[in-house]
Amino acid sequence: MGEWTLNSWQNYVLKQQPVYPDSAFLMNVLQTLSSFSGIVRIIEIEYLKTLLSQHSHFILQAGDCAETFDDCHSASTSARVRCLLRMRSILETEAKLSVLILARMAGQYAKPRSFPAESINGLLIPSYRGDLIHSFLPSASARIPDPKRLLLGYYFSKRTLCQIKSIFNSASPNYLLDQSPLMAHKFFTSHEALHLRYEQSMTRKDLQSNRYYNLGAHLVWLGERTRFLTSGHVEYLRGIENPLGIKIGPSCDITELEKIIQILNPQNQAGKLILILRLGIKECTNKLPHLLQRLKSYNVSWICDPMHGNTIKMKNEIKTRYVHTILQELIENINIFHKVKMPFSGIHLETACENVTECVGLDVSEKDLIKNYLSYCDPRLNPVQFKYLILGIVKHLGKSDQNAQRVCAMNKFQKQRLTL
Ligand code: PEP
Ligand code: CO
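In short, a report on the structure. Treat the numbers as computed from the prediction; the structure is a model and nothing was measured.

## Thoughts on a nonpolar patch on the surface
A surface patch of nonpolar side chains, about 270 Å² in accessible area, is lined by Leu362, Val384 and Tyr388. Turning to its location among the elements, Val384 is positioned in helix H11 (residues 383-397). Val384 gets classed as partly exposed once you look at its relative accessible area, which sits at 42%.

## Topic: the layout of surface pockets
Computed from the structure, the largest pocket encloses a volume of approximately 1200 Å³. What lines the largest pocket is a set of 42 residues, among which Arg113, Glu118, Lys313, Lys319 and Cys377 lie closest to the centre. Considering every element that reaches the lining of the largest pocket, the biggest residue donor is strand S3 (residues 117-120), with four residues. By residue class, the composition of the lining of the largest pocket is 14 nonpolar, twelve polar and 16 charged. Empty space within the second largest pocket amounts to approximately 290 Å³. In terms of lining, the second largest pocket is formed by 14 residues, of which the most central are Arg238, Glu241, Leu264, Pro266 and Gln269. Looking at the lining of the second largest pocket residue by residue, the classes come out as five nonpolar, four polar and five charged.

## So, the pairing of strand S9 (residues 244-248)
Counting buried positions over the five residues of S9 gives five, a clear majority of the element. Alternating residues of S9 divide into Leu244, Ile246 and Ile248 and Gly245 and Lys247, and every residue in both groups is buried. Of the pairings in the sheet, the one linking strand S8 (residues 219-222) to S9 comprises three bridges and is parallel in character. Along S9, the bridge assignment pairs Val220 with Leu244.

What counts, and where the lines are drawn
- Residues numbered from 1 in each chain as written.
- Chains lettered and ligands numbered in written order.
- Predicted model: local features only at pLDDT ≥ 70, side-chain atom pairs only at ≥ 80, totals over all residues.
- Heavy atoms only, no water.
- Patch = residues over 30% accessible without salt bridge, like charges linked within 9 Å, V, L, I, M, F, W, Y side chains within 5 Å.
- Areas by Shrake-Rupley, 256 points an atom, 1.4 Å probe, with all protein chains shown as cover.
- Salt bridge = Lys/Arg side-chain N within 4 Å of Asp/Glu carboxyl O.
- Helix = DSSP H or I, 4+ residues; strand = E, 2+ residues; numbered from the N terminus.
- Buried < 20%, exposed > 50% of the residue type's maximum accessible area, 1.4 Å probe, protein only.
- 1 Å grid on protein atoms, 1.4 Å probe; cavity = no way out; pocket = protein on both sides within 12 Å on 5 of 7 lines; lining within 4 Å.
- Points joined across faces, edges and corners; volume = space filled by probe spheres on them.
- Nonpolar A, V, L, I, M, F, W, Y, C, P; charged D, E, K, R; others polar.
- Pairing = 2+ DSSP bridges.

All we've got here are geometric facts, nothing functional implied.
Here you go:
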């Protein structure tokens, strides 16, 4: 590994990067973006790292698979924030946990895809890669990457964050005590660090510490498809101070993962890494105990994403997930962590605040899927389904010893936090 620079990732293997027809225009846009102010603040990023390093909070990472520009208005932002707060409130009330929210919000606009093309109404067109890249409209011309969308992505991320801050501001005038309304509510933003040119343009050097921060989100994560040793994504991420997530899928090679952990967190610093397990129900029972055994000396938080390892395609090509499979993987994870006496620290869900019919279970049958399928990408849980899921894991969470420590932390922090 050579010296890290803002663009040293360009010397590594690059996957999932859009190809723009007009590169001069792209360069112009990127230069403009790098002159803009950050979306989040360094103090907020450092505060998140401090909270994570305490290992006393349960992490709730949730939100849309793909946010859309159209959805960036105050009614939608407010509904999405309230949805996350409702999930937190169930965990706090029922499991007596102190919860930290990592919203998949204010920048979750770029999507990795397993296939370069998709068939829509019999027409084969480039797969949708997120509003940051191109339009969702089903035509080949709409799917050409457009640099203007990077500016829009910045604008809509900033606007969403301002809307979130104003929701918390109006709810609690005391937020100034904690310097930021987001911090007062232990509410942070996150997205996959996928579009490296965009992520680079959001990266700033802190003149006090001479360190680099991605000011596009508090936490960014390394996706399943870009997690390999020679990846440009790993190279980019090793140079920034933000806490990082790493998705871990069923094909993950543990030796390679261990090397990536060492590259991203060479000092084994607490609060730096969240390992996001998405093994799927078929693999988690076999693979997880061994994985935990091998990696137990690393100072990381372990959370479970029970969504991405359990996606299936129906005969009519609609993607879905079964609520009972999602619940099963979560319970299996919690039980395995309990057995090996390691703390299970949170959940990662794809959720919608509307009554969507994207996952099968409870009020949604397979036949219902077409009724209100609104997701631009992966199927999300509707409010009835995520409530059922959270209530379903509460009694299992209660078993762990770590939970007892979190209850103490909860009592301590509850005094400071204001509920909406
Ligand atoms: C996602 O979180 O939306 C995603 C694409 O995840 P993964 O990289 O785990 O497939
Ligand atoms: Co997804």
